[in-house]
Amino acid sequence: MGITLPEFTPMENSLWLTLCGKALDSRLEDPILADTMADEIVRKLGYDCDRFHMSTNPILLIAQRAKKLDEVAAGFIARNPGAIGLDLGAGLDSRVFRLDPPPGVDWYDVDFPDVITARQRVLPERPGAHGIGTDLTDPHWLDAVPTGRPAVIVADGLLAFLTPDDMIALMNRLIDHFPHGEIAFNGYSRFAIWAAKRYRGTQSVADLLKSPGFDDPREPESWNPRIKLVREILLTREPEVAQFPTALRLFTQLASLSAWWSRHGTTVLHYRF
């Protein structure tokens, strides 16, 4: 028998874009993320990733930003073996399996209820892994997460779908809930949001984007006095660029010479609180 998923809303369907990017990366001769579980999921469900018409560039960038978020989470867990981990807007991503956190770490995948139901049908169970089905703008969903422990929080693609007010309120609730921790998410400049609304490969989510983007990586420091920027990760300057096809690699290396230009593409922002 096949796997039957709930009927997703357009917002919930946005999970396929990043999942397909990771799946298509895993099929490359020299993958960035090498998430074979993503490919297994799309094949098992019979999902046609060709509908997004993604070129090599967005596939590699989706994989690269996921890898950077994994690195932030893995580093924090290594320093805090009793930590809480949260993946906001987790979709069908297999991050907890890629990280393979040790016993003592509780990992929470958070997304809409139907998406969490789908995760339970598609992904294997894992000790220490939990699902929370909720709308992230609900102020009460954190009641299900223990407090008093350090936390690492990642969000891949999520913040573009939140209004500035909802994004700031979410960040403040997270910071108030934990004694200390780190937050990492992929940043969107104003140009990046503009481009995402027009690029063929992201047309499926263009009407769902609510964030105007922001250009200064220190802007979130104004949202809460506890937020401090650790690092702005410009993907144009990360070592994975060496794996890009020749033309894309040369273009990316040229873009890396300018922080201003690099911010026009994909970045990952890493904060502590």
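See above for the structure.
Everything numeric here is computed off the predicted structure, so don't read it as measured data.

Student: Whenever I open this one, the packing of helix α2 (residues 15–26) against helix α3 (residues 36–45) confuses me. Can you help?
Tutor: When two helices pack together, their arrangement is given by the angle between the helix axes and the distance between those axes. At a minimum axis separation of 7 Å, α2 and α3 run at an interaxial angle of 115°. On the basis of their axis angle, the class for α2 and α3 is roughly perpendicular. Both α2 and α3 take part in a crossing whose hand is left-handed. In this structure, α2 uses W16, L19, C20, K22, A23 and S26 to contact α3, whose residues at the interface are T36, A38, D39, I41, V42 and L45. Residues belonging to the contact of α2 with α3 are distributed by class as follows: eight nonpolar, two polar and two charged.

Student: In this structure, what is going on with the state of the cysteines? I would like to understand it.
Tutor: Linking two cysteines covalently through their sulfur atoms gives a disulfide. Following the criterion strictly, the structure yields one disulfide and no others. Each sulfur of the disulfide joining C20 and C49 lies 2.1 Å from the other. When the S-S torsion is -75°, as for the bridge of C20 with C49, the disulfide is left-handed. Here C20 is found in helix α2, whereas its partner C49 is found in the loop between α3 and α4 (56–79), with 29 residues between them in sequence. Like C20, the residue C49 is buried in the burial classification.

Student: Before we go on, may I ask you to explain the pairing of strand β1 (residues 84–88) in this structure?
Tutor: Two faces belong to every sheet, and in a regular strand the side chains alternate between them. With five of five residues buried, β1 lies mostly within the body of the structure. Here β1 shows a buried face lined by I84, L86 and L88 and a second buried face lined by G85 and D87. Here β1 runs beside strand β4 (residues 151–155); their pairing, made up of five bridges, is parallel. The residue of β4 that forms the bridge with L88 is A155.

Student: Looking at this structure, I do not really get the packing of aromatic side chains. What am I missing?
Tutor: By the definition in use, this model includes seven aromatic pairs. Between F214 and W223, the aromatic rings sit 5.8 Å apart at their centres with planes inclined by 80°, giving edge-to-face as the arrangement. A residue is classified by how much of its surface remains accessible, and F214, at 10% relative accessible area, is buried. Given a relative accessible area of 12%, W223 falls into the buried group. Site record: aromatic cluster; members linked through ring pairs are F8, W16, Y47 and F52. The ring of Y47 has R51 lying over it, and the distance from NZ or CZ to the ring centre is 4.3 Å.

Student: Any chance you could explain the environment of R98 here in plain terms?
Tutor: Secondary-structure assignment places R98 in helix α5 (residues 95–99). Expressed as a C-alpha distance, the spacing of R98 and P164, which sit 66 residues apart in the sequence, is 31 Å. Sequence-distant contacts of R98, defined by excluding residues within four places in its chain, comprise L33, D35, A66, D70 and D93. Only 2.8 Å separates the side chain of R98 from the side chain of D35, close enough to count as a polar contact.

Student: Would you take a moment to explain unusual backbone geometry for this structure?
Tutor: For residues besides glycine, phi is generally negative; the peptide bonds are generally trans as well. Of note, H53 is a non-glycine position whose phi angle comes to about 50°, a positive value. Its location among the elements puts H53 in the loop between α3 and α4. The exposure class of H53 is partly exposed, given its relative accessible area of 44%. For D100, which is not glycine, the phi torsion reads 50° and is therefore positive. Position of D100 among the secondary structure elements: in the loop between α5 and β2 (106–111).

Thresholds applied
Residues numbered from 1 in each chain as written. Predicted model: local features only at pLDDT ≥ 70, side-chain atom pairs only at ≥ 80, totals over all residues. Heavy atoms only, no water. Axes fitted to C-alpha atoms, helices over the stretch in contact; angles between N-to-C directions. Helix = DSSP H or I, 4+ residues; strand = E, 2+ residues; numbered from the N terminus. Parallel < 35°, antiparallel > 145°, perpendicular 65-115°, else oblique. Left-handed = near helix turned anticlockwise from the far one by under 90°. Contact = heavy atoms within 4.5 Å. Nonpolar A, V, L, I, M, F, W, Y, C, P; charged D, E, K, R; others polar. Disulfide = S-S within 2.5 Å. Buried < 20%, exposed > 50% of the residue type's maximum accessible area, 1.4 Å probe, protein only. Pairing = 2+ DSSP bridges. Phe/Tyr/Trp six-rings, centres within 6.5 Å; stacked < 30°, edge-to-face > 60°. Lys NZ or Arg CZ within 6 Å of the ring centre and 35° of its normal. Polar contact = N/O pair within 3.5 Å; in protein donor to acceptor, adjacent residues only side chain to side chain.

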